[in-house]
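Listed below, chain by chain, are the residues.
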Amino acid sequence: MAQEVQEQPQSILVVDDEERIRRLLRMYLEREDYIVDEAEDGETALELALANDYDLILLDLMLPGIDGMEVCNQLRETKTTPVIMLTAKGEETNRIQGFEAGTDDYVVKPFSPREVVFRVKALLRRSSTAAFLAKESAPQNVIVFSNLTIDNDAHRVSTNGSEVNLTPKEYELLFYLAQNPDKVFSREDLLRDVWHYEFFGDLRTVDTHIKRLREKLNRVNPDAAEMIATVWGIGYKLEVPK
């Protein structure tokens, strides 16, 4: 009889200065068999996030000491761990800054714990299992251009022989454009098809991620960065060199 393979439980770091919120999130997440660590301030969160390979981080924006924005900024210098930001109502500007810092999603306080679990599951499905992405959205597992290679099975992007470290959402955006080279997508198209959520119709979310994608590609190969073309008045496309 074949032995059943047990999947490794996924780990989540919950960061919030309110013990009540941490305890509530821990209870709901552990019900779904996630392993949960906690941090009550930015310094501890950053130390834990850099020392461990968490599958996802739930990160409060307003923290004592280093705030959530700075934690995310420093984290993104070395890691692509998916991040869901927890924000209070009326902090729309901060939420946009959060996307610029590299967060992948946000939840507005006061929140439903069930919604948080749903968002966690949705983001983990899209970011932590390359096989899932290949099966669900990729008719081809490797996309090769002269200046850019995307291996969807390995969830890896490389150019000039060097790997480019992208956040889950940056990867999804690039992969989506690469599946349809030279096709122009509006910002609304990208919000709907890549984000799967309505971020209050704020199109700057797309612009910010395009900017970060170009910057990361440009550090390794400027020619690869130039493939992400702006079509003024419409949106963006991945332009294949002739």
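Keep in mind the model is a prediction, meaning the values are calculated, not measured.

## Describing the overall build of the chain
- Within the chain one finds 10 helices and 12 strands.
- By residue count, 50% of the 242 residues in the chain fall in the buried class.
- A sequence separation of at least 24 residues applies to 59% of the contacts in the chain between residues at least 6 apart.
- Carbon together with sulfur atoms contributes 46% to the accessible area of the chain, which is approximately 12,300 Å² in total.

## A word on the UniProt feature "modified residue: 4-aspartylphosphate" (unreviewed entry) in the chain
- When the UniProt feature table is mapped onto this chain, "modified residue: 4-aspartylphosphate" (unreviewed entry) is found at D60.
- Summarising the element assignment, D60 is placed in strand β3 (residues 56–60).
- Beyond its immediate chain neighbours, meaning those up to four positions away, D60 contacts V15, D16, D17, G68, M85, L86 and K109.

## Digging into the side chain of N152
- As for its position among the elements, N152 is in the loop between β7 (149–151) and β8 (156–159).
- There is a polar contact of 2.5 Å between the side chain of N152 and the side chain of Y171.

## As for the sheet that holds strand β11 (residues 228–231)
- In spatial order, the strands read β10-β12-β11; together these three strands make up an open sheet with antiparallel pairing. Only two strands of the sheet have a single partner each, and these edge strands are β10 (185–186) and β11.
- In this structure, β11 lies alongside strand β12 (residues 235–238), joined through four bridges in antiparallel fashion. Following the sheet pairing, A229 is matched in β12 by K237.
- Most of the contacts of helix α9 (residues 204–220) go to β11, to which it runs at about 145 degrees, and overall it touches β11 and β12.

## Some points on helix α3 (residues 68–75)
- Looking at α3, one finds that the buried residues are G68, M69, V71, C72 and L75. Buried residues along α3 cover an arc of 165 degrees about the axis, so they all sit on one side.

Conventions adopted
- Residues numbered from 1 in each chain as written.
- Predicted model: local features only at pLDDT ≥ 70, side-chain atom pairs only at ≥ 80, totals over all residues.
- Heavy atoms only, no water.
- Helix = DSSP H or I, 4+ residues; strand = E, 2+ residues; numbered from the N terminus.
- Buried < 20%, exposed > 50% of the residue type's maximum accessible area, 1.4 Å probe, protein only.
- Contact = heavy atoms within 4.5 Å.
- Areas by Shrake-Rupley, 256 points an atom, 1.4 Å probe, with all protein chains shown as cover.
- UniProt positions renumbered as here; feature names shortened; annotations may be inferred.
- Polar contact = N/O pair within 3.5 Å; in protein donor to acceptor, adjacent residues only side chain to side chain.
- Pairing = 2+ DSSP bridges.
- Axes fitted to C-alpha atoms, helices over the stretch in contact; angles between N-to-C directions.
- Arc of directions from axis to C-beta.

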